Amino acid sequence: MHLHILGICGTFMGSLALLAREKGLTVSGSDANVYPPMSTQLEEAGIVLCDGYSADNLSPRPDRVVIGNALARGNPEVEAVLDLGLPYVSGPEWLAERVLPGRRVIAVAGTHGKTTTASLLAWLLESAGQSPGFLIGGVPRNFGVSARLGAPDAPFVVEADEYDTAFFDKRSKFIHYRPEIAILGNLEFDHADIFPDLAAIERQFHHLVRTVPGRGRLLVADGEPALERVIAMGAWTPVDHFGSAATSPWRLELEREDASRFRVVHEARDGAGEVNEDAVVDWSLTGAYNARNALAALAAANACGVDLARGAAALSRFATPRRRQELRGEVAGIEVIDDFAHHPTAIAATLEGLRAATPRGRLLAVIEPRSNTMRLGTLRDRLAASVAAADAAFWFQPPGLDWSLAPVLEASPVPARLCEDLDALVAALVAEARPLDRIVVMSNGGFGGIHEKLLAALEVAHAR
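Residues numbered from 1 in each chain as written. Predicted model: local features only at pLDDT ≥ 70, side-chain atom pairs only at ≥ 80, totals over all residues. Heavy atoms only, no water.

## Describing the sheet that holds strand β1 (residues 2–6)
One open sheet accounts for five strands, arranged β3-β2-β1-β4-β5; its pairing is parallel. Lying at the two open borders of the sheet, with one neighbouring strand each, are β3 (48–51) and β5 (88–90). On average, each strand axis in the sheet is inclined to that of its neighbour by 25 degrees, with strand direction left out of account. In the sheet, β1 pairs with strand β2 (residues 26–31) via five bridges, with the strands oriented parallel. Across the sheet, residue Ile 5 finds its bridge partner in β2, namely Gly 29. Seen against the sheet, helix α1 (residues 11–22) touches β1, β2 and β4 (64–67) and runs at an angle of roughly 175 degrees to β1. Contacts from helix α4 (residues 91–98) reach β1, β4 and β5 within the one sheet, and its direction differs from that of β5 by about 95 degrees. (Pairing = 2+ DSSP bridges. Helix = DSSP H or I, 4+ residues; strand = E, 2+ residues; numbered from the N terminus. Axes fitted to C-alpha atoms, helices over the stretch in contact; angles between N-to-C directions. Contact = heavy atoms within 4.5 Å.)

## Focus: the pattern of salt bridges
Throughout the structure, instances matching the rule amount to 24 salt bridges. Between Arg 64 and Glu 97 there is a salt bridge; the shortest N-O distance is 3.1 Å. Placement of the pair is Arg 64 in strand β4 and Glu 97 in helix α4, with a sequence separation of 33 residues. The salt bridge involving Asp 391 is made with Arg 355; its shortest N-O contact spans 2.5 Å. Of this pair, Asp 391 sits in the loop between α12 (383–386) and β21 (392–396) while Arg 355 sits in helix α10 (residues 344–356), and the two are 36 residues apart along the sequence. Owing to a relative accessible area of 24%, Arg 355 belongs among the partly exposed residues under this scheme. (Salt bridge = Lys/Arg side-chain N within 4 Å of Asp/Glu carboxyl O. Buried < 20%, exposed > 50% of the residue type's maximum accessible area, 1.4 Å probe, protein only.)

## Side note on the sheet that holds strand β18 (residues 326–331)
Taken together, the six strands give an open sheet; going across it, the order is β18-β19-β23-β20-β21-β22, and neighbouring strands pair in mixed fashion. Strands with a single pairing partner mark the edges of an open sheet, and in this sheet they are β18 and β22 (416–419). This sheet shows a mean twist of 20 degrees between the axes of neighbouring strands, independent of strand direction. Packed onto the sheet, α10 meets β19 (334–339), β20 (363–367) and β23 (438–442) and runs at close to 165 degrees relative to β23. Helix-sheet contacts for helix α15 (residues 450–462) involve β18, β19, β20 and β23, and the interaxial angle to β18 is about 15 degrees.

## Remarks on the pairing of strand β14 (residues 239–243)
Bridge count for strand β13 (residues 217–221) against β14 is four bridges, and the pairing is parallel. Directly across from Val 220, in β14, lies its bridge partner His 241. Taking the sense of rotation as the criterion, the β-α-β connection linking β13, helix α7 (residues 225–232) and β14 turns out right-handed. Across two bridges, the pairing between β14 and strand β15 (residues 250–254) is parallel. Counterpart to Gly 243 in the pairing with β15 is Arg 251. (Right-handed = clockwise from strand over helix to strand, strands pointing away.)

Structure representation (structure tokens):
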């Protein structure tokens, strides 16, 4: 069977392609924005990539077409699919039809931290010998791929995105997955291109809650008013909270300011009696938000039979997913770090975590606001404050951003600079950086290959 995927280099669709290939299907796909790491792993899997959208990409005629949610009417390849009468389906629907039936599905949902939490959970299950399947919107470095089928009787971890499904299905993607366990990590306003307000997103999250069976489990972050409103709409599944509240059965206590060491406490009552246990996690990650992600993953893994002590020990061997605080290189004592943060909350959390882990040297933030929400300017009033933990901020005005970043710089709590040319940005960073500095580049896109360009420019500058 030949499956052709439109938008194949998106994080979800690329992962779907790997699962289809693993199932023995012939897989091809097209995209107009091809960049690593997704393009690299697809090519390594022997999947044919067509650069750009065209009716010609549908020859030879595929048996079925999967259409990504970034594709709309008017796209030449979408129009050709419809005109030719080819069978087509959304990515989430294909996953629900062809991969998830019969599996114990664990969905990881939330505005932030889904990729890291899903990667953590998959690693915990793997370390316990369960050989889980997974589909993650990034590349977990412990596995080297963003998706795999895993053992047929093992749990399947899926990053559960609230973004819409396809141009012909405007429900959130996660509605299709019907998990037995759902992690709700956080919830705030995002995706302004499809949701009018936070209440609309809360309604979609409640649709997810409605699909979790009574024998399942809802793991809900404490201290999240939007999630509490979601649960207040009705829950038919046992709810366990996690976080720092004294009443939550899963709690964490930081033992280092940078959250590189923390204690997990599990206190609860179940059918067998009272549970009272704790374990210490000592790992390479930093930031309280990452510790909270780990807490959620430990709770979900425990629901799948993974002992807390064993899980905590496994976290010492966890490697962050690609593009999540990923060290891309070091030149003359200057580190270049890649991170996917693109929402003000995520930017602030990333910088605060790195600040606590940077006892010497400065933290230089480089930010490309290119997400759909950023392009609309919905959260621009929060951007300036998001860089408070950095020593300096370098903002890049990408093509297609129809509003000026100048007011963000004027309100910046730290020295800030605006660049509209990538080479000029690299030159400014090279001129500013000195040994012991950490440069963290934040974008949800390829950012023109800035990491490689910056490292190369640093090499030249410090070879003199």
